[in-house]
Amino acid sequence: YLLEQKKNGRIRHLGFSTHGRLDTMADFLDYCGGNIEFCQIQLNYLDWKLQDGLAKYELLTNRNIPVWVMEPVRGGKLASLSPENEAKLKAVRPDESAAAWAFRWLQELPNVTMILSGMSMMEQVEDNIKTFSTEKPLTGGEIALLEEVADSMMDLLPCTACRYCTKSCPQNLDIPTLLAYYNDCRYSPTIIASMAIDAMEPEQRPSACIDCGNCREACPQGIDVPEAMKAFQKILDELPHWGADPEAARKAMQKKA
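What comes next concerns the included structure. (Residues numbered from 1 in each chain as written. Predicted model: local features only at pLDDT ≥ 70, side-chain atom pairs only at ≥ 80, totals over all residues. Heavy atoms only, no water.)

With that settled, consider the sheet that holds strand E4 (residues 112-115). Strand order in the open sheet formed by four strands is E1-E2-E3-E4, and the pairing between neighbours is parallel. The open sheet has two edge strands, strand E1 (15-18) and E4, and neither has a second partner. Within the sheet, the average angular offset between the axes of one strand and its neighbour, ignoring direction, is 25°. In this sheet, strand E3 (residues 67-70) lies alongside strand E2 (residues 38-42) in parallel orientation, the contact comprising four bridges. Residue pairing across strands places Cys-39 opposite Val-67, the latter belonging to E3. Seen against the sheet, helix H4 (residues 53-62) touches E2, E3 and E4 and runs at an angle of roughly 175° to E2. (Pairing = 2+ DSSP bridges. Helix = DSSP H or I, 4+ residues; strand = E, 2+ residues; numbered from the N terminus. Axes fitted to C-alpha atoms, helices over the stretch in contact; angles between N-to-C directions. Contact = heavy atoms within 4.5 Å.)

In structure tokens, the structure reads:
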């Protein structure tokens, strides 16, 4: 239908926005057969690791699909850092805001062609205009500094997706995927995680863990997977669920924000 609308001139350029996993993105792009002209993903120097932004960026780049960016400052979290991290950045660039650092980082990615920033105050509009009106590329040392800042903001379970745990799981849970969503929620619980889990069958969710302990023994990183599944389920229980009542979930998230 969309290709027909493009053929008729109602659509100039066809693309999509997604919070999907890497494999979901790859499957969808295969299905579209080269008809996608851009893709919008959540991308910033924190989600480069936290949400596997690097792999998603490379997937799109390798397929010659321009990247549009949403959440460049992670809902404002990268525009308002801890005093310690703020001081580190100010010591190097006294005239640049924390938000400007996030935008400069994105400017270093050659396949990023659009950056969409949510702005609620005139000061933010003025700061963003100032940033994009000047050319101040980050040095290698400055990029390393941002990586240091990002690492200090994340409290992640060290899952390497080796999948040893999945081989011994009697429930056949995709533990690395569940832990990836849990890590994201440990940093900032969002409805995206609950939507992803809701899309799974009941037997694939964290609640399906029976605490047999096989994964704990198999994990070379020493992760207590059953405890992580319990903690993740507790977070999910407190999040609004989009599928049950979309309007109620939207209002709950607005109230939470």
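On to the packing of aromatic side chains, then. Considering all chains together, one arrives at seven aromatic pairs under this definition. Look at Phe-38 and Trp-68: their rings are 4.0 Å apart centre to centre, the planes differ by 10°, and that puts the pair in the stacked class. Residue Phe-38 is located in strand E2, and its partner Trp-68 is located in strand E3; the two are separated by 30 residues in the primary sequence. For Phe-38, a relative accessible area of 14% puts it in the buried group. Judged by its relative accessible area of 24%, Trp-68 falls in the partly exposed class. Judged by centre distance (5.6 Å) and plane angle (40°), the rings of Tyr-182 and Phe-232 are tilted. One end of the pair, Tyr-182, is in helix H10 (residues 175-187); the other, Phe-232, is in helix H13 (residues 225-238), with 50 residues separating them in the sequence. As far as the burial class goes, Tyr-182 and Phe-232 line up, both buried. Within the aromatic cluster, the residues linked to one another by ring pairs are Tyr-45, Trp-48, Tyr-57 and Trp-105. The ring of Trp-101 carries the charged tip of Arg-93 above its face, separated from the ring centre by 5.7 Å. (Phe/Tyr/Trp six-rings, centres within 6.5 Å; stacked < 30°, edge-to-face > 60°. Buried < 20%, exposed > 50% of the residue type's maximum accessible area, 1.4 Å probe, protein only. Lys NZ or Arg CZ within 6 Å of the ring centre and 35° of its normal.)

On to the nonpolar core. In this structure, Leu-43 and Tyr-45 are the most contacted members of the largest nonpolar core, which totals 40 residues. Of all the secondary structure elements, the ones that give two or more residues to this core are helix H2 (22-32), E2, H4, E3, helix H6 (98-107), E4 and helix H8 (140-153). Tallying contributions element by element places H6 first for this core, with seven residues. When neighbours within four sequence positions are excluded, Tyr-45 is seen to be in contact with Leu-78, Leu-81, Ala-102, Trp-105, Leu-146, Val-149 and Ala-150. Grouped together as the second largest cluster of nonpolar side chains are 25 residues, Tyr-182, Ala-196, Ile-197 and Ala-208 included. (Core = buried A, V, L, I, M, F, W, Y, C linked by side-chain atoms within 4.5 Å.)

What follows covers unusual backbone geometry. Positive phi, normally seen in glycine, also occurs at Glu-71, with a value near 55°. Positive phi, close to 55°, is recorded for Arg-74, a residue that is not glycine. Within the fold, Arg-74 resides in the loop between E3 and helix H5 (83-92).

As paired strands, E3 and E4 are joined by three bridges and run parallel to one another. Counterpart to Trp-68 in the pairing with E4 is Met-114.

A few words now on the environment of Trp-101. One can find Trp-101 in helix H6. Expressed as a C-alpha distance, the spacing of Trp-101 and Leu-146, which sit 45 residues apart in the sequence, is 8.2 Å. When residues no more than four places from it in sequence are discounted, the contact partners of Trp-101 are Leu-89, Val-92, Arg-93, Glu-96, Leu-138, Glu-142, Leu-145 and Leu-146.

Time to look at the packing of H5 against H8. Relative orientation of the contacting elements H5 and H8 amounts to 175°, with a least axis distance of 10 Å. In terms of their interaxial angle, H5 and H8 are classed as roughly antiparallel. Contacts from Asn-85, Lys-88, Leu-89 and Val-92 of H5 reach H8 at Glu-142, Leu-145, Leu-146, Glu-148, Val-149, Ser-152 and Met-153. (Parallel < 35°, antiparallel > 145°, perpendicular 65-115°, else oblique.)

Right, let's get into the side chain of Gln-5. Within the secondary structure, Gln-5 sits in helix H1 (residues 2-7). Contacts of Gln-5, omitting those with residues within four sequence positions, involve Arg-10 and Ile-11.

Here a disulfide denotes a covalent bond joining the sulfur atom of one cysteine to the sulfur atom of another. If you walk through the whole model with that rule in mind, you get zero disulfides. Lacking any disulfide linkage, Cys-39 is separated from the closest cysteine sulfur, that of Cys-32, by 9.8 Å. For Cys-39, a relative accessible area of 0% corresponds to the buried category. Cys-162 forms no disulfide, and the closest cysteine sulfur to it belongs to Cys-165, at a distance of 6.1 Å. (Disulfide = S-S within 2.5 Å.)

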